[in-house]
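Single-letter residue listing:
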Amino acid sequence: MKQLKIFSVPYLVWMLVFILVPLIMVAYFAFRTADGQWTIQNISDVGQYANIFVRSIWLALLATVICLVVAYPLAYALSRMEKHKQSTMLLIVMLPMWMNFLLRTYAWMTLLGNNGIINNLLGMIGLGPYKLINTSGAVVLGMVYNYLPFMILPLYSVMEKIDKSVIEAASDLGCNSRRVITRVVVPLSLPGITSGITMVFVPAISTFIISRMLGGGSNLLIGDLIEMQFLGNSYNPHLGAAISLVLMVIILLIMTVMNQFSPDDQVLI
Amino acid sequence: MDNIVSLKNIVVEFEDGEQILKNISLDIKDKEFVTFLGPSGCGKTTTLRIIAGFLEPTSGDVMFEGKRINDLPPHKRNVNTVFQRYALFPHLNVYENIAFGLRVKNVPEKEILKRVGEMLELVNLKGFEKRSVNRLSGGQQQRVAIARALVNHPKVLLLDEPLGALDLKLRKEMQTELRKIQQALELTFVYVTHDQEEALTMSDTVVVMNNGVIQQVGSPTDIYNEPVNAFVADFIGESNIINGCMPQDCVVEFTGKRFECVDKGFAPNETVDVVIRPEDVKVIPAEKAKLTGIVESVVFKGVHYEMVVDGVDHKWMIHSTKAEPVGAMIGMDFDPFDIHIMKKSEEG
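Being a predicted model, the structure only gives us computed values, none of them experimental. Every chain's residues receive numbers from 1 upward, in the order its sequence appears when written. Working convention: letters from A go to chains and numbers from 1 go to ligands, in the order in which they are written. Given that the model is predicted, a residue must reach a pLDDT of at least 70 before its local features are reported, and side-chain atom pairs must reach 80 or more before they are shown or counted; all residues, however, enter totals for whole chains, interfaces and linings.

For chain A, the helix and strand inventory stands at 13 helices and zero strands. Here a strand is any run of E in DSSP of at least two residues, a helix any run of H or I of at least four, and the numbering for each starts at the N terminus. Listing the helices and strands of chain A from first to last along the sequence gives α-α-α-α-α-α-α-α-α-α-α-α-α. Dimensions of chain A, computed from C-alpha atoms along their principal axes, come out at roughly 70 × 70 × 30 Å. Going through the 269 residues of chain A one by one, you find that 30% of them count as buried. Comment: burial labels come from other C-beta atoms within 10 Å of the residue's own C-beta, placed from the backbone, where a count of 20 or more is buried, 12 or fewer is exposed, and between is partly exposed.

Within chain B, the regular secondary structure consists of eight helices and 20 strands. Along the longest, intermediate and shortest principal axes, the C-alpha atoms of chain B span 80 × 45 × 40 Å. When each of the 348 residues of chain B is scored for burial, the buried share is 41%.

Let's shift gears to the pairing of strand β19 (residues 329-333) of chain B. Residue and element names in this part refer to chain B. Only one face of β19 is buried, namely the one carrying Ile330 and Met332, since none of Met329, Gly331 and Asp333 on the opposite face is buried. Across three bridges, the pairing between strand β15 (residues 282-284) and β19 is antiparallel. Residue pairing in the sheet places lysine 282 in a bridge with aspartate 333 of β19. When strand β16 (residues 291-300) meets β19, the two strands line up antiparallel, connected through four bridges. Bridged to leucine 291 within β19 is methionine 332. The pairing criterion for strands is at least two bridges between them, as found by DSSP.

Note on terminology: a nonpolar core is any set of buried Ala, Val, Leu, Ile, Met, Phe, Trp, Tyr and Cys residues joined through C-beta atoms within 7 Å. Membership of the largest hydrophobic core comes to 104 residues, with the highest contact counts inside it found for B:Ile51, B:Ile98, B:Ala147, B:Leu157, B:Leu158, B:Val190 and B:Val207. Each domain span listed reflects an automatic or database assignment of domains. Viewed by domain, this core spans two of them, domain 1 (3-230) and domain 2 (238-343) of chain B, each represented by three or more residues. If you look at the next biggest cluster of nonpolar residues, it comprises 45 residues, including A:Val140, A:Phe150, A:Ile205 and A:Ala241.

Okay, the domain arrangement of chain B next. Residues and elements named next belong to chain B. Split into domains, chain B comes out as domain 1 (3-230) and domain 2 (238-343). Taking only C-alpha atoms, the centre of domain 1 and the centre of domain 2 are 39 Å apart. Two residues qualify as a contact pair if the distance between their C-beta atoms, derived from the backbone, is within 7 Å. Opposite the four residues of domain 1 that make contact, domain 2 presents five residues.

Before going further, it helps to spend a moment on the sheet that holds strand β8 (residues 188-193) of chain B. All names here are of chain B. As summarised here, the arrangement of the six strands in space is β6-β7-β8-β3-β9-β10, forming an open sheet in which the pairing is mixed. If you trace the sheet from one side to the other, it starts and ends with β6 (79-82) and β10 (213-218), each paired once. In this sheet, adjacent strand axes meet at a mean angle of 20° when their direction is disregarded. Lines fitted to C-alpha atoms define the axes, with helix axes restricted to the stretch in contact, and inter-axis angles between N-to-C directions lie between 0 and 180 degrees.

Looking now at the pairing of strand β12 (residues 251-254) of chain B. Residues and elements named next belong to chain B. Only one face of β12 is buried: it carries Val252 and Phe254, and the other face, with Val251 and Glu253, is open. By the bridge criterion, three bridges tie strand β11 (residues 240-248) to β12 in an arrangement that is antiparallel. Bridge pairing links glutamine 248 to valine 251 in β12. When β12 meets strand β13 (residues 257-260), the two strands line up antiparallel, connected through four bridges. Bridge assignment links glutamate 253 to a residue of β13, and that residue is arginine 258.

To continue, consider the interface of chain A and chain B. By a frequent convention, interface size equals the accessible area lost on bringing the separate parts together. With 15 residues of chain A at the interface, the matching set in chain B holds 17 residues. For the side of chain A that touches chain B, the secondary structure elements donating two or more residues are α9 (164-172) and α10 (177-205) of chain A. Gly is put with the polar residues, along with every residue not named as nonpolar or charged; the nonpolar set is Ala, Val, Leu, Ile, Met, Phe, Trp, Tyr, Cys and Pro, and the charged set is Asp, Glu, Lys and Arg. Residue composition of the side of chain A that touches chain B, grouped by class: seven nonpolar, four polar and four charged.

With that settled, consider the packing of helix α2 (residues 94-104) of chain B against helix α4 (residues 138-150) of chain B. Residues and elements named next belong to chain B. For the pair α2 and α4, interaxial distance at closest approach is 7 Å and the crossing angle is 30°. It follows from the interaxial angle that α2 and α4 lie roughly parallel. As α2 packs across α4, the resulting crossing turns out to be right-handed. Between α2 and α4, the contacting residues are Val94, Asn97, Ile98, Phe100 and Gly101 on the first element and Val144, Ala147 and Arg148 on the second. Grouping the amino acids of the contact of α2 with α4 by side-chain chemistry returns five nonpolar, two polar and one charged. Reported orientations rely on four angle classes, namely roughly parallel under 35 degrees, roughly antiparallel over 145, roughly perpendicular from 65 to 115, and oblique for the rest. Should the near helix be turned counterclockwise from the far one by less than a right angle, the crossing is left-handed, whereas a clockwise turn marks it as right-handed.

To continue, consider the sheet that holds β16(B). Residues and elements named next belong to chain B. Spatially, β15-β19-β16-β17-β18 is the arrangement adopted by the five strands of the open sheet, whose pairing is antiparallel. Since the sheet does not close on itself, it has two edges, and those belong to β15 and β18 (315-320), each with one partner. Averaged over neighbouring strand pairs, the angle between their axes works out to 45° when direction is ignored. Here β16 runs beside strand β17 (residues 305-310); their pairing, made up of six bridges, is antiparallel. Paired with isoleucine 294 across the two strands is aspartate 310, which belongs to β17.

When we look at burial in α9(A), the residues that qualify are A:Val166, A:Ala169, A:Ala170, A:Ser171 and A:Asp172. In this structure, the buried side of α9(A) is in contact with α10 of chain A together with α1 (44-52) and β6 of chain B.

Residue and element names in this part refer to chain A. In contact at an axis separation of 7 Å, helix α12 (residues 222-231) and helix α13 (residues 237-259) are set at 155° when each is read in the N-to-C sense. Taken together, the axis directions place α12 and α13 in an arrangement best described as roughly antiparallel. Here α12 runs over α13; the crossing is left-handed. Between α12 and α13, the contacting residues are Ile222, Leu225, Ile226, Gln229 and Phe230 on the first element and Pro237, Leu239, Gly240, Ile243, Ser244 and Leu247 on the second.

This brings us to unusual backbone geometry. The phi torsion of most residues other than glycine is negative, and most of the peptide bonds are trans. Residues and elements named next belong to chain B. If you check the backbone angles, asparagine 106 has positive phi at about 55° while not being a glycine. Position of asparagine 106 relative to the elements: it lies in the loop between α2 and α3 (109-122). The phi torsion at asparagine 124 lies on the positive side, around 60°, for a residue other than glycine. Tracing the chain through its elements places asparagine 124 in the loop between α3 and α4.

The subject of this paragraph is the confidence of the model for chain B. Residue and element names in this part refer to chain B. With 99% of its residues at a pLDDT of 70 or more, chain B shows a mean pLDDT of 90. For every residue, the predictor states its confidence as a pLDDT score lying anywhere from 0 to 100. Ranking the helices and strands of chain B by mean pLDDT puts strand β3 (residues 33-37) first, with 96, and strand β20 (residues 340-343) last, with 85. Predicted complex, confidence summary: ipTM 0.81, pTM 0.81.

For the rest of this paragraph, the subject is the environment of A:Gly240. Residues and elements named next belong to chain A. By secondary structure assignment, the location of glycine 240 is in helix α13. For glycine 240 and leucine 225, which are 15 residues apart along the polypeptide, the C-alpha to C-alpha distance reads 7.7 Å. Those residues in contact with glycine 240 that lie beyond four places of it in its chain are Ile226, Gln229 and Phe230.

With that settled, the discussion passes to the environment of A:Met248. Residue and element names in this part refer to chain A. Position of methionine 248 among the secondary structure elements: in helix α13. On the neighbour-count criterion, methionine 248 (14 C-beta atoms within 10 Å) is partly exposed. Between the C-alpha atoms of methionine 248 and valine 202, which are 46 residues apart in sequence, the distance is 9.6 Å.

Written out as structure tokens, the structure reads:
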């Protein structure tokens, strides 16, 4: 045990320098004014952006639910395939992730544009053009596309461990294929569901690239708001820190609720 | 007694053309304890999975109470399975595991309580209701698996090497217990094992399988005393199998000597397998014997000594309650009815 503790020192140092200290700095900035006074003004100022918070949570939630609905049957089918087919399919699932994130999102810009490929194709059969880009739908699409593998992988890795004979036992005991899923597969894959939701929801709620590129100016998210406070015209790092802090608390609350659905020994955070 | 399950010319073939079952036909009678016995890969588990409905035969018919059930999915069949590695639901406690089948069928809560209670009593697990199945010993998990299957009142219970993972003592206890349960509930049990002793102790009927073919069907006594070929003889208990020939009815010649036997109906001088159980070899003084050999090794086995005796053309395995010194010359003799004559099996 003693040797093991020594090996964890590099990570502990890393955590201290790059996670804990910045976190304290964020909190510190959030409660200071530009001229060095303690204040809660920044936190209360966050309130005026409530609509952006609501929109961010809503879009991230929507993207997470769509990811779950799409990924769940896929992951299940994947986990029940023969072993050598599984690795090929997994490769296909992972393939988009080998491409640069920005590039992938740029690709969607050209696809969805008013003169983009989709509208051109629709035009050929006499439809459209439709407004696809710069809508909240496009933002959700971007989130789903980019974060789907993060939903599939945890689901797959949990489902793959479900013994085939447990599933056979369920059908032996009278479950049709739908009931096998609801009574056995879903309860046994709960840890995968919760970690998948976390892996999608957290990056989705704080993204700023996807909303910037696919959402236009009218679909501002929290991520964009924070970025603007640090790099944009409305330079105000104290407000930015306050927004980050509030966002963190919101995510923490949502995750705590999520963990209520997870078995005791598999709590995520 | 009626047949409850009938298999008619069942063939199971994999995509690559490999045949797992080669034309199996078998009738299983109601309230019978039938055991499929054979080495691993002989097709016994495959046969069980066909009855359960997890596998559809490539050709042939599966009949249940006279009706063809080939296309019936597992959840609609009136059979339940006890799986090899238990396959309990890890997210449910003991009570909920046993209640599972009843809940699926929307049985009223009051009746579930009553029937699960009965089962817990039957398998001696009263007081374990709330226990997580992950915190049970192997033997207890096994009992839950049996209760979970039996609570549904299936007409046939399928058991796939259910005692394989238990230690010897527990296995013996469970064998007796399973047999008791089967007789008390008057159910048909179809049991799969590779352990010949287990098959002989528990069954009404033993089905010996090898390479996807049924070798012999019979009562344990028949199978042991009258094996139809050298494979069965060798697989069920230990045997001395010697090449021989039949010069005439009731006379067999092997290792150059002639012996009296009770078998008839072979062609003159037909070559045969001669099977003699190690416990049927009588040790007599060498000077009085037609057949002699030198004791090579003696191993104490508890009830008897196991001796290997080097004869002229054959190393004899002998079980005897008296040990002979290693290196001694002994004589061997056999009673006529202890010499079993078998047609040469095709595998040679």
